[in-house]
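Here's the letter readout for the chains.
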Amino acid sequence: MTVASPPAPPTHEDPGAWINQQAVSGRRRFTNALATSWMIGSLLLALVPVVVIAVYVVSRGASVMSVGFLTKNMQIVTQLAGGGIAPAIVGTLVITGVAAVMAIPLGILAAVYLNEYGRQNRTANVIRFMADVMTGVPSIVMGLFVATIWVSSGLHSGYSGFAGSLALGALMLPIVIRSCEEMLKLVPDDLRQASDALGARRWRTVVSVALPAALPGIVSGAMLAVARAAGETAPLLLTIGTTNVVNSNPFKGTNTTLSKVIWDNAQTPFAAATDRAWGAALTLIVIVFVFTVIARIVSSRFATVKR
Amino acid sequence: MTTVAPPSEHGASGPPAGKAGGKQVDRVFRAIAFAAGLLVLAILALIAYTTTNKAWPAFTHQGLSFFTSTHWNPNDDRFGALDFIYGTILTAFIAVCLAIPASLGIALFITELAPKRVRSGVTYVVDLLAAIPSVVYGFWALAVLTSPAKTIYNDIANSIGKVPVLRNVFGGPAYGSSFMTAGLVLAVMITPIITSISREVLTTVAQDDKNAALAMGATRWEMLRVAVFPRVRSGLIGASMLGLGRAMGETIAVALIIGTSHQVTSHIFFPGDSMAAVIAHNFGEATGLSRAALIGLGVVLFAITIVINIAARSIANRTSAMTGARA
Amino acid sequence: MRSPRVRRTVGALIAPVLLLAACGSSSKNGSGGSGSTTLNGSGSTFQQTFDQTAIAAFQSKSKGVTINYAGGGSGKGKTDLQSKTVDFAGTDSLVKDADVSKYQGGKFLYFPITAAPITVSYKLNGVDSLQLSGPTLAKIFSGTVKKWNDSAIENDNGNATIPATDIVIVHRAEASGTTSNFTKYLVSAGGSSWTLGSGDTVEWPSSSQAGQGNSGVAQTISNTDGAIGYVDFSDATQAKLKFASIENKANTFVAPSLAGASAAVAAATIKADLTYSPLNEPGANVYPITSPTWILVYATQTDKAKGTALKDFLNFVLTDGQGLAEGVNYAKLPTSLQQKAIAQLASIVIPA
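For clarity, every value in this text was computed on a predicted model and none was experimentally measured.

(A) How the structure looks around the overall build of chain A. Within chain A one finds twelve helices and two strands. Starting at the N terminus and ending at the C terminus, chain A contains elements arranged as α-α-α-α-α-α-β-β-α-α-α-α-α-α. As displayed, chain A offers around 11,100 Å² of accessible surface, 67% of which is attributable to carbon and sulfur atoms.

(B) Seen up close, the interface of chain C and chain B. Of the residues lining the interface, 26 residues belong to chain C; the matching set on chain B comes to 25 residues. Where chain C abuts chain B, roughly 1,900 Å² becomes buried across the two surfaces, and 41% of that area is made up of carbon and sulfur atoms. On the chain C side of the contact with chain B, Glu203, Ser207 and Gln209 of chain C bury the most area, a combined 29% of that side's loss. In this assembly, chain C and chain B are joined by one salt bridge.

(C) Molecular detail of the side chain of Ser220 of chain A. When you line up the elements, Ser220 of chain A lands in helix H9 (residues 202-230). According to the relative accessible area criterion, Ser220 of chain A is buried, its value standing at 8%.

(D) Local environment of the pattern of salt bridges. Residue and element names in this part refer to chain A. Applying the stated rule across the entire model yields 22 salt bridges over all chains. Taking the shortest distance from any N to any O, the salt bridge between Arg192 and Glu116 comes out at 2.7 Å. Placement of the pair is Arg192 in helix H8 (residues 189-197) and Glu116 in helix H4 (residues 86-118), with a sequence separation of 76 residues. By the burial criterion, Arg192 is buried, and Glu116 matches it.

(E) Spatial organisation of the interface of chain B and chain A. Of the residues lining the interface, 103 residues belong to chain B; the matching set on chain A comes to 101 residues. Summing both sides of the interface, chain B and chain A together bury roughly 9,400 Å²; the carbon and sulfur share of this comes to 73%. Here chain B and chain A share two salt bridges between them. Here Glu222 of chain B ties to Arg28 of chain A by a salt bridge, and the two come within 2.7 Å at their closest N and O atoms. For the interface between chain B and chain A, the tally reads eleven residue pairs in polar contact (both at pLDDT 80 or more). Split by residue class, the side of chain B that touches chain A holds 62 nonpolar, 25 polar and 16 charged.

(F) A look at the pairing of strand S3 (residues 88-91) of chain C. Residues and elements named next belong to chain C. Going residue by residue along S3, you find Phe88 and Gly90 tucked away on one face and Ala89 and Thr91 tucked away on the opposite face as well. Here three bridges tie strand S1 (residues 37-43) to S3, and the two strands are oriented parallel to one another. Within the sheet, the bridge partner assigned to Gly41 lies in S3 and is Phe88. Two strands pair when backbone bridges link them, and S3 and strand S12 (residues 290-298) are joined in this way by three bridges, in the antiparallel orientation.

(G) Structural context of the environment of Val145 of chain C. Residues and elements named next belong to chain C. Mapped onto the elements, Val145 comes out in the loop between helix H4 (134-141) and helix H5 (151-156). For Val145, a relative accessible area of 5% translates into the label buried. In this structure, the C-alpha to C-alpha distance between Val145 and Ile167, residues 22 residues apart in sequence, is 8.0 Å. For Val145, the contacting residues outside a window of four places in its chain are Lys139, Ile140, Asp150, Ala152, Ile153 and Ile167.

(H) Up close: helix H3 (residues 74-82) of chain C. Residue and element names in this part refer to chain C. Of all nine residues in H3, nine are buried, a share of seventy percent or more. Along H3, the residues classified as buried are Ser74, Gly75, Lys76, Gly77, Lys78, Thr79, Asp80, Leu81 and Gln82. Against the buried residues of H3 lie S1, strand S2 (65-72), S3, helix H6 (177-190) and S12. Taken from the residues just after H3, Lys84 is the one with a positive phi, measuring 55°.

(I) Examining the sheet that holds strand S10 (residues 245-247) of chain C more closely. Residues and elements named next belong to chain C. The strand order S5-S10-S11 describes an open sheet built from three strands, whose pairing is mixed. Unpaired on one side and paired on the other, strand S5 (131-132) and strand S11 (253-254) mark the two borders of the sheet. Taken together, the two bridges between S5 and S10 define a ladder with parallel strand orientation. By the bridge assignment, Leu132 is partnered in S10 with Ile246.

(J) Quick peek at the packing of helix H7 (residues 179-202) of chain B against helix H9 (residues 220-249) of chain B. Residues and elements named next belong to chain B. Two elements in contact, H7 and H9, have axes whose closest approach is 9 Å; the angle formed by their N-to-C orientations is 150°. Viewed along their axes, H7 and H9 adopt a mutual orientation that is roughly antiparallel. Our pair here, H7 against H9, has a crossing hand that is right-handed. For the pair H7 and H9, the contacting residues are Leu186, Ile190, Ile193, Ile194, Ile197, Ser198, Val201 and Leu202 in the first and Val228, Val232, Gly235, Leu236, Ala239, Ser240, Leu242, Gly243, Arg246 and Ala247 in the second. Class assignment of the residues belonging to the contact of H7 with H9 gives a composition of 13 nonpolar, four polar and one charged.

(K) Region of the structure containing the confidence of the model for chain B. Residues and elements named next belong to chain B. Mean pLDDT over chain B works out to 88, with 91% of the residues at or above the 70 mark. Taken element by element, the predicted model of chain B shows its lowest mean pLDDT in helix H4 (residues 116-131) (86) and its highest in helix H10 (residues 252-257) (96). Throughout residues 1-18 the model reports pLDDT below 50, and contacts reaching past four residues in sequence, or to other chains, amount to 25 contacts. A low-confidence stretch, residues 321-327 (pLDDT under 50), is modelled with 23 contacts involving residues beyond four sequence positions or located in other chains.

(L) Looking closely at the packing of aromatic side chains. Residues and elements named next belong to chain C. One pass over the structure, following the stated rule, counts 38 aromatic pairs over all chains. Relative to Phe313, the ring of Phe58 lies with its centre 5.3 Å away and its plane at 65°, an arrangement referred to as edge-to-face. In this pair, Phe58 sits in helix H2 (residues 48-61) while Phe313 sits in helix H10 (residues 304-318), placing the two residues 255 residues apart along the sequence. Accessibility classification places Phe58 together with Phe313 in one group, the buried group. Considering the side-chain rings of Tyr103 and Phe108, the 4.6 Å spacing of their centres and the 45° angle between planes classify their relative orientation as tilted. In terms of burial, Tyr103 and Phe108 fall into one category: buried. An aromatic cluster is defined as three or more aromatic residues linked by ring pairs; in this entry it consists of Tyr103, Phe108, Tyr110, Tyr276, Trp294 and Tyr298.

(M) Structural detail: H10 of chain C. All names here are of chain C. The terminal C-alpha atoms of H10 lie 21 Å apart, and with 15 residues this matches the ideal 21 Å at 1.5 Å per residue to within 8%. Every buried residue of H10 is listed here: Gly307, Ala309, Leu310, Phe313, Leu314, Phe316, Val317 and Leu318. Measuring from the backbone nitrogen of Ala305 back to the side-chain oxygen at the start of H10 gives 2.9 Å, which picks out Asp303 as the cap.

(N) The arrangement of the packing of helix H5 (residues 134-159) of chain B against H7 of chain B in detail. All names here are of chain B. Running from amino to carboxyl end, H5 crosses H7 at an angle of 130°, the nearest separation of the two axes being 10 Å. Compared by their axis directions, H5 and H7 come out oblique. Along this stretch, H5 crosses H7, giving a crossing that reads as right-handed. Where H5 approaches H7, its residues Ser134, Tyr137, Ala141, Leu145, Thr146 and Tyr153 are matched on the opposing element by Met180, Thr181, Leu184, Val185, Val188 and Met189.

(O) Structural view of the confidence of the model for chain A. The predicted model of chain A has a mean per-residue pLDDT of 87, with 89% of residues at 70 or higher. Confidence drops under pLDDT 50 across residues 1-12 of chain A; counting only partners more than four residues distant or on other chains, this segment forms 16 contacts.

Cut-offs applied
Residues numbered from 1 in each chain as written. Chains lettered and ligands numbered in written order. Predicted model: local features only at pLDDT ≥ 70, side-chain atom pairs only at ≥ 80, totals over all residues. Heavy atoms only, no water. Helix = DSSP H or I, 4+ residues; strand = E, 2+ residues; numbered from the N terminus. Areas by Shrake-Rupley, 256 points an atom, 1.4 Å probe, with all protein chains shown as cover. Contact = heavy atoms within 4.5 Å. Buried area = accessible area lost by both parts, 1.4 Å probe. Salt bridge = Lys/Arg side-chain N within 4 Å of Asp/Glu carboxyl O. Buried < 20%, exposed > 50% of the residue type's maximum accessible area, 1.4 Å probe, protein only. Polar contact = N/O pair within 3.5 Å; in protein donor to acceptor, adjacent residues only side chain to side chain. Nonpolar A, V, L, I, M, F, W, Y, C, P; charged D, E, K, R; others polar. Pairing = 2+ DSSP bridges. Axes fitted to C-alpha atoms, helices over the stretch in contact; angles between N-to-C directions. Parallel < 35°, antiparallel > 145°, perpendicular 65-115°, else oblique. Left-handed = near helix turned anticlockwise from the far one by under 90°. pLDDT = per-residue confidence, 0-100. Phe/Tyr/Trp six-rings, centres within 6.5 Å; stacked < 30°, edge-to-face > 60°. Expected span 1.5 Å × (residues − 1).

Take a look at the structure:
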C-alpha cells in the first residue's frame, strides 16, 4: 500500500550516517555498526529462500517442461513417467476464476459500504475489524467449513470444483475488502463533493466517480488475492476430490489443481512423480507470478497518476 | 442493527434527487453493499456454528480429555489431541522466535537505512516470500532441505545437545522432518506479514522525534532505542502475534515436513504433528466419530487463531498505525 | 471520467475473467458430457497401482468411459461408498458388522481383484539382507526393541553384526487397510510381544514417523537411515527399497514375492462372500504377510450407464486385467477364486 515515506531532512539523505563521522566512542560506534549489519543481514537472509527456491523450481521444473507436459492428461500410474498436467492447469484456473467471480464483486461492494456509507459507524468498524481477523482464519478451517456445509450436506453431494471455489472465495473476500477499502480511501473527497454538487445520487457518485478513480488499485488488490488463492492447497484437499482428465465444469464432477498435484506427487519416492511435482510447481509459480506482476504493473501505473 | 444513515462529510449536504427513482436506487444499492459487508460476519459466525455442531459428538464423547490426553486412536474411538495442540504451538513458537529478529531487521532496513529508490524493491522481494505457495515451500523443504538439515541438527545434537538441560531441547537423535524443520519453514512464511506490519508501525514515528534524538548526538541505534522502539512496542507485539496466528494455521508445508509423529517432547529435532497437518492427512479417510474429532481439531484451531488475531489487531490498532496494514 | 486509462484498467480486470470463462467453455469436456460415462472410485492405496494400470488399459479399450480412482486409503473408500460419493471402493479390510447398515445403497459385494505381499522395508547403511521373525517384528514395531543391534534381531540373522543405529518406525498417517492387515499379522505371529492390537489405525510408539499412503511410507523409509516400515510390494519394488525376509509358520525365512503371495492365497479359506484372510498361512513357500484386496460395489446399481460400465470394468479386471498384475508387482488370483469372482458379476443388478 502506498504509505507516504517520512520526509528526509533536506540536506542529508541519511542523518544516521552523518552522526557516525562525529566523535563517538568506539563502543557506541560498534553497537551502531552491529545494529546496521543486523538490518542488512536480515534482508540478505530473507533473500536466501527466495533465490534458492526459485533456482530449484526453475531448474528442476524446466527439465520436465514440454508442450506435452502442459497439454496432456495426467499419467494414471503414479510410479511411471509420462502424461501431463493439463487437468491441473485447467482446474486451477477454473476454480480460482470462479472464486474470483464470487469474491471480487462482493468484496468491492463490502468495501463500498465500509468507505462510502458506513465510514466510522459502529457496524462498519466491527465489519472492518472482523475482515482483518478473517484474513487470519487458517485455510484448512475454511476447507472444513465448506466440507461440512456443502460437500457432505443436503445442499450438495460430493466433491466438485465449485466446492473448492467456495473455500477459496471465502479466503479471498477479506483481502479484497480491505485492499479495496484502502484504495477508496485514497480517492479525494473533493471528487465526491463535485459529483454531489452536480446532483448525483450517492450510488451514482460511487459507481461513476469513486470506483473508477480507485480502479487500478482495486484491480491490483484483487489480483494479489487471486494469486494467493491460486496457490492454496489445504482447503482443496477437503473439497474437490481428484481427476486425471480435464474437467472444465466446476459444478459437475471431481477436479484437481496444480497445488494438489504437487501435494500428491511430493509424497512418493518415485523419480517420475517427483519430476512431475517440480514441473507442476514451476507452472504454479509462473501462474502466481503472472497475477502478482499484473498487480504490480497496474498499481505502479496508479501511483504515477496520483502524483 | 444500525438503521440510521451514518453522518459523513459529503453525504449530509447531498442535494435533492435529479430523478424520481434515484432515491430508491440509492437505498437498494446501499442495502446490497451493506449485505456484502455483513457477509464477513455471517461467514465467521457460520464457520463457528457448523464446525462446532459437526464436532460436537466428538467433544461429548471425549470430554475434556480431548485437550489433555495424548491418546489418539480413531480405531478405538480415542481422541486425545494434546500431541497435535502441542505440535501446533511448538512449531509456531519456533517460527516466531526465528522470524521476529529477521522481520524487524528488514522493516528497519526499509524504514531507516534503505535509500528511497531501493525501498520498493526490497518490499517487493519480501512480498515474493508471501507469493510462494505453501505447497511449494513444503515440497521444496521435503525434497531439498530435510537431508542437510538432519546433518546440521546432528552436529548440534552432538555438541550443544550434550550439555545438561540443553540436552532436553537439542538432544539427538535428530530427524530431518521435525518440529525444527517445520518451524524454520514457517519462519520464512510468516516473515512477510510481520515485516509488512512492523514497517507500517515504524513509519508512524514522526521524523521530528527521530531528528531530535540524532541532534542530541545519538547514533542511529541509540535513536532507535530512545525515540522509536518505546513508541512502537505494542505495534510490534501485535505484528508478532499476527505472525504467530499465521504459523499456527499453516497446513500444507507443515504436513509435509513435521514428520507426522504423535508425541509431546521438549526435543525440537524430533518429529511431531500439528492440528492442521492431522486434518490434512486424515480428513479424507475419516468417518463418523473420527471425522467429528478432526472437525473438532479445526474448531480448536479456529478458536485459537481467532483469539490471537483479535488480540493482535486490537493491540496493533491501539498504536493507530494499522491504517495501511495489509494481511 | 471515462478516460482511456480507466477503460484500459477495466480491460485488465475483465480480461482474465473472460479468459477463464473462455477456457472453461471451449476446452473439451472430460467428464459428464453426453455419450461418456464417468466412474469414480476411491480407497486402498495398496491396490492403487494395479487399479491405475487396469484403468489405463480399460480406457484405451472402451472409449467413452472415464474412471477416476482417488486412493486415500481403505477407510476413505468405504466411507465414500457408504455415502454413495463414489461408484466403487477399493479396500484391503472388511466392513465392520456395525457399519453394514450405514451403506446407503444397500447390499454390497466383495470382488477380490489381486493379492500382494506387504513388505517389511528398511534402510540401514551396510545391511543388505535381513531376516526377521514374527516376535522380533512385534518387538520392533511396538518400540521395545530400539536399536538395530538388539540381540533379538541379531539372533534372527545368525548372530550377524548389525550397526547400532536407532530404529525409526515408519507407519501410515491415515486409516489404512495395509495397517489393518499388517497389525493382524502381528497379532497372529507376534504372540505376547505384540500388545497394540490391530485395526486401520493403532497407537504406535512415540517418535515413530508416518507417511501418507504406501508411497509416503516408502518415501520416508528411503530418506531415513535406520528406518523400517511396511509397504506394498509394488511401491517398495519401484522405490528400490530393501526388504526383510519374514519367518513363516514352517519356520522358513521367505522374501516377499508374488509366488509367496499366491501360495498364501491358495492356502487360505475362501468364504461364500469371497472374503478371506491369507495372513500367516501355513506352507513352506508361503510369504506370511500377504494382503488380500477387494473392490467393493453395490449389488443394485441405480444408473444404467454407470452400472454397465462398472460391470464391464470389473469383468476386465478379473479377466484381461489379471494378465497385467505381475507386470506391476501384484499376484494374479488363483484360477478357482478368479472363477468365483467372475461368477459373482451376475449378482450385480443393473436397471433396464
